[in-house]
Amino acid sequence: MPGPPVTTSTGVKVRVVTLKINEHDIGARETDSILDVAQANHIRIPSLCFLEGLSTWGACRLCVVEIEGYPRPVSACSTTVSEGMVITTHSDRLKRYRRTILELLFAERNHVCSVCVSNGHCELQDLAAECGMDHVRVPYRNQPYAVDSTHEMYRVDHNRCVLCTRCVRVCDEIEGAHTWDVMGRGIECQVITDLNQPWGDSSSCTSCGKCVQVCPTGALVKKGTAAGEMEKHDEFLPYLAQMRGNR
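Residues numbered from 1 in each chain as written. Predicted model: local features only at pLDDT ≥ 70, side-chain atom pairs only at ≥ 80, totals over all residues. Heavy atoms only, no water.

### Observations concerning helix α4 (residues 166-175)
Inference 1: The element α4 is largely enclosed, with a buried count of seven among its ten residues.
Inference 2: Every buried residue belonging to α4 is among Arg166, Cys167, Val168, Arg169, Val170, Cys171 and Ile174, and all of these are buried.
Inference 3: Phi for Gly176, located one or two positions after α4, is positive at around 80°. (Buried < 20%, exposed > 50% of the residue type's maximum accessible area, 1.4 Å probe, protein only. Helix = DSSP H or I, 4+ residues; strand = E, 2+ residues; numbered from the N terminus.)

As structure tokens, then:
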């Protein structure tokens, strides 16, 4: 049975539930996601589109976990915990799923790491190494996408975009400009600025650079960076998200 309600820092009462993750007994608030609980207990679950301080998107599916009694894996970032859950974060099936997802991401666009400015500082590259993806078993699409260098400080290379929408969410939820959005469907999806206008012509962009810092790959970068030089820093997000929530 769930425990008695506890009061959060915002004054909301929530119940505490008990569950198992990888055979470990854990207590958590019933409003927490599986990913939140796992991270709080130092249990690693790979993820790409999730970023603390932004709303949940649940698109990459790399954070899938198995729950006893569920017919199929679910995304840990968008599934809340409940009393008695028995969760497995790493199994042979989950490893196969994650590797396949990464292979599809690499095959969909151009992710040649050796010539990328984010080489060595790329979350997609790190995830491939973590999940044991050393080659791609599906055909590459090899379709070239546009590179927009019209902004005076930044560049967007759609060939390296994984459609995590971090840029869209940080621009809307943290900066409040909503310069970025998503256009198209399926494999034709792209992130765009101001109804598909060149980034340099955007009337809403504040040039804050938050979108560049939260981008997990070399899709959004500073101009003038060479291969391996583009480091990202997103530590500001939880603080800014908290400040906006307290306003």
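Let's pick the thread back up.
### Looking at the domain arrangement of the protein chain
Many authors give the size of an interface as the accessible area that is lost as the parts come together.
Inference 1: For the protein chain, the domain assignment lists domain 1 (6-90) and domain 2 (95-232).
Inference 2: For domain 1 and domain 2, the distance between their C-alpha centres works out to 26 Å.
Inference 3: The interface is formed by 22 residues belonging to domain 1 together with 21 residues belonging to domain 2.
Inference 4: For domain 1, the biggest contributors to the area lost against domain 2 are Leu48, Leu54 and Leu62; these three give 38% of the whole.
Inference 5: Linking domain 1 with domain 2 are one salt bridge, by the criterion used here.
Inference 6: The residue Arg44 makes a salt bridge to Glu130 at a minimum N-O spacing of 2.7 Å.
Inference 7: Our enumeration of links across domain 1 and domain 2 arrives at nine residue pairs in polar contact (both at pLDDT 80 or more). (Domains from an automatic or database assignment. Contact = heavy atoms within 4.5 Å. Buried area = accessible area lost by both parts, 1.4 Å probe. Salt bridge = Lys/Arg side-chain N within 4 Å of Asp/Glu carboxyl O. Polar contact = N/O pair within 3.5 Å; in protein donor to acceptor, adjacent residues only side chain to side chain.)

### Section: the packing of aromatic side chains
In this description, an aromatic ring pair is defined by two values, namely the gap between the centres and the angle between the planes.
Inference 1: The tally for this structure, following the rule as stated, stands at two aromatic pairs.
Inference 2: When the centroid spacing of 5.8 Å and the interplanar angle of 20° are considered together, the rings of Tyr154 and Trp199 count as stacked. Of this pair, Tyr154 sits in strand β8 (residues 154-157) while Trp199 sits in the loop between β10 (190-193) and α5 (210-214), and the two are 45 residues apart along the sequence. The same class applies to Tyr154 as to Trp199, namely buried.
Inference 3: Judged by centre distance (4.9 Å) and plane angle (70°), the rings of Trp180 and Trp199 are edge-to-face. On the criterion of sequence distance, the pair formed by Trp180 in strand β9 (residues 180-183) and Trp199 in the loop between β10 and α5 is long-range, its members being 19 residues apart. Each member of the pair, Trp180 as well as Trp199, is classed as buried.
Inference 4: Taken together, the ring pairs connect Tyr154, Trp180 and Trp199 into an aromatic cluster.
Inference 5: Here the guanidinium or amino end of Arg109 rests over the ring plane of Tyr145, the centre of that ring lying 4.2 Å away. (Phe/Tyr/Trp six-rings, centres within 6.5 Å; stacked < 30°, edge-to-face > 60°. Lys NZ or Arg CZ within 6 Å of the ring centre and 35° of its normal.)

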